[in-house]
Amino acid sequence: ARALMEVQVPLIGFATWGCIRGRGRFVGARSASDKSSGLDDYKNVVLSDEQLYAKENVQLDENHSHFVLVSDGTANDFGKEFDVRAQLESVVAGNENRTEEILEMLKDLKMGWRDMTVKSKNEDAQANDPIPLVLICVQGGPGTIGTCLAATENDVPLLLVKGSGKAADLIADAVMLKFKAGHVKYVPDTSMSKPMRMLLEYLKDFCDLREYVKGVTKEHSIDYAGIIEDLNFKQADDSDLGAGSRREMESEAINKMFKVYWGMERGLPNPLKTMVDILKIANSRKCWVFDLNDPDPGGIDFSGSLLRCIINNQGYEDE
């Protein structure tokens, strides 16, 4: 959208340094706007030529204006940027208002947009107002799960665009499965999609679902906290491994479901961990679902859902 509209709004991309194709070209490179500064710190990351140009690496999206590249010295291991991104966003949007300072810095770096202005300190704006922050999830691959989890763990509300597919639909279905009949987002059996029904069947077959519908709140019909605790125990238990084990059967059931949601041929190497992360997000009380195929009652459009997500910062549970 930024490229299509030809606007100069800053768009910062976060990526794992060890997964960037041709990243050796960045080492020692100089900034175009400041010839005296460079990227010499990257020389501290020692990687072989084979690692630098591995086929598994990916190309940076050229539609970003700037990048934050995160490394722990490893290669071909995605997801190193999740926590850094979430923490940086939380700092920028924190209680300590640094809007003027940030905009001045953007001007110095020749970042920003046409006719960008900075409010003077004598204007009526509250000195310590936080900057509204929300994560919007549209589609998304397996890596998006990590981004969403890091955001919710850093107190950032998550708006899931159900109907866009993939990760957005998977997390949204997990959220909506929690609610009882009569809730605004309750989904009856007759209205469930095939992937959502697979998710419910997995919870029934492998997570003792009936055990976790007891003693829950008036809105919730499933206690994900108990299921998450059990799944974490399963991950730490090495006694049920090997061909034909129940652990293997559960992993196969999860990957079968993931293949339907993501349309991929191969399953994930650690499906149980990904399932735990999905349920953590759904249980965070930071999720709001906007359904492209079934908008909220009362004609609330996407803008309205976005605004309510930011204001409430708690999702449907606290309406």
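Criteria and thresholds
- Residues numbered from 1 in each chain as written.
- Predicted model: local features only at pLDDT ≥ 70, side-chain atom pairs only at ≥ 80, totals over all residues.
- Heavy atoms only, no water.
- Phe/Tyr/Trp six-rings, centres within 6.5 Å; stacked < 30°, edge-to-face > 60°.
- Helix = DSSP H or I, 4+ residues; strand = E, 2+ residues; numbered from the N terminus.
- Buried < 20%, exposed > 50% of the residue type's maximum accessible area, 1.4 Å probe, protein only.
- Core = buried A, V, L, I, M, F, W, Y, C linked by side-chain atoms within 4.5 Å.
- Contact = heavy atoms within 4.5 Å.
- Axes fitted to C-alpha atoms, helices over the stretch in contact; angles between N-to-C directions.
- Parallel < 35°, antiparallel > 145°, perpendicular 65-115°, else oblique.
- Left-handed = near helix turned anticlockwise from the far one by under 90°.
- Pairing = 2+ DSSP bridges.
- Salt bridge = Lys/Arg side-chain N within 4 Å of Asp/Glu carboxyl O.

**So, the packing of aromatic side chains**
Line of reasoning, step 1. The tally for this structure, following the rule as stated, stands at 3 aromatic pairs.
Line of reasoning, step 2. For the ring pair phenylalanine 258 and tryptophan 262, a centre distance of 5.1 Å and an interplane angle of 65° mean the geometry is edge-to-face. Pair noted here: phenylalanine 258 and tryptophan 262 are both in helix 9 (residues 246-262), with a separation of 4 residues, about one helical turn.
Line of reasoning, step 3. Here phenylalanine 258 falls in the buried class, since its relative accessible area comes to 0%.
Line of reasoning, step 4. Between phenylalanine 290 and phenylalanine 302 the ring centres are 5.6 Å apart and the planes differ by 80°, which places this aromatic pair in the edge-to-face class.

**Looking at the nonpolar core**
Line of reasoning, step 1. Counting 50 residues, the largest nonpolar core has Tyr224 and Met275 as its most contacted members.
Line of reasoning, step 2. When neighbours within four sequence positions are excluded, tyrosine 224 is seen to be in contact with Ala174, Leu177, Lys178, Leu203, Leu279, Ala282 and Asn283.

**Observations concerning the packing of helix 8 (residues 224-236) against helix 10 (residues 271-282)**
Line of reasoning, step 1. Between helix 8 and helix 10, the least distance of the axes is 10 Å, while the angle of their chain directions is 160°. Between helix 8 and helix 10, the angle falls in the class roughly antiparallel. Taken as a pair, helix 8 and helix 10 cross one another with a handedness that is left-handed. Touching Tyr224, Ile227, Ile228, Leu231, Asn232, Lys234 and Gln235 of helix 8 are Leu272, Lys273, Met275, Val276, Leu279, Lys280 and Ala282, all from helix 10.

**Re the sheet that holds strand 5 (residues 287-291)**
Line of reasoning, step 1. Judged by pairing direction, the sheet is parallel, and its 3 strands sit side by side in the order 3-4-5 without closing on themselves. Either end of the sheet is taken by a strand with one partner, and the two such strands are strand 3 (135-137) and strand 5. This sheet shows a mean twist of 20° between the axes of neighbouring strands, independent of strand direction.
Line of reasoning, step 2. Here strand 4 (residues 158-162) pairs with strand 5 via 5 bridges, running parallel. Each residue of the ladder has a partner; that of lysine 162, found in strand 5, is aspartate 291.
Line of reasoning, step 3. In the packing of helix 5 (residues 142-153) onto the sheet, the strands contacted are strand 3 and strand 4, and the crossing angle to strand 3 comes to about 150°.
Line of reasoning, step 4. In this fold helix 6 (residues 166-176) packs onto strand 3, strand 4 and strand 5, with an angle of close to 105° to the strand it touches most, strand 4.

**Some points on the pattern of salt bridges**
Line of reasoning, step 1. Scanning the entire structure with this criterion turns up 6 salt bridges.
Line of reasoning, step 2. Ionic pairing is found between aspartate 77 and lysine 80, a salt bridge with its closest N-O pair at 3.1 Å.
Line of reasoning, step 3. Residue classification places lysine 80 among the partly exposed positions, given a relative accessible area of 27%.
Line of reasoning, step 4. The closest approach of N and O atoms between aspartate 155 and lysine 286, which form a salt bridge, is 2.5 Å. Here aspartate 155, found in the loop between helix 5 and strand 4, pairs with lysine 286, found in the loop between helix 10 and strand 5; they are 131 residues apart in sequence, far enough to count as distant.
Line of reasoning, step 5. Taking relative accessible area as the criterion, aspartate 155 reaches 47% and is therefore assigned partly exposed.
Line of reasoning, step 6. Looking at lysine 286, the relative accessible area reads 7%, which means it is buried.
Line of reasoning, step 7. Several salt bridges share partner residues, and in doing so they unite Asp72, Asp77 and Lys80 into one network.

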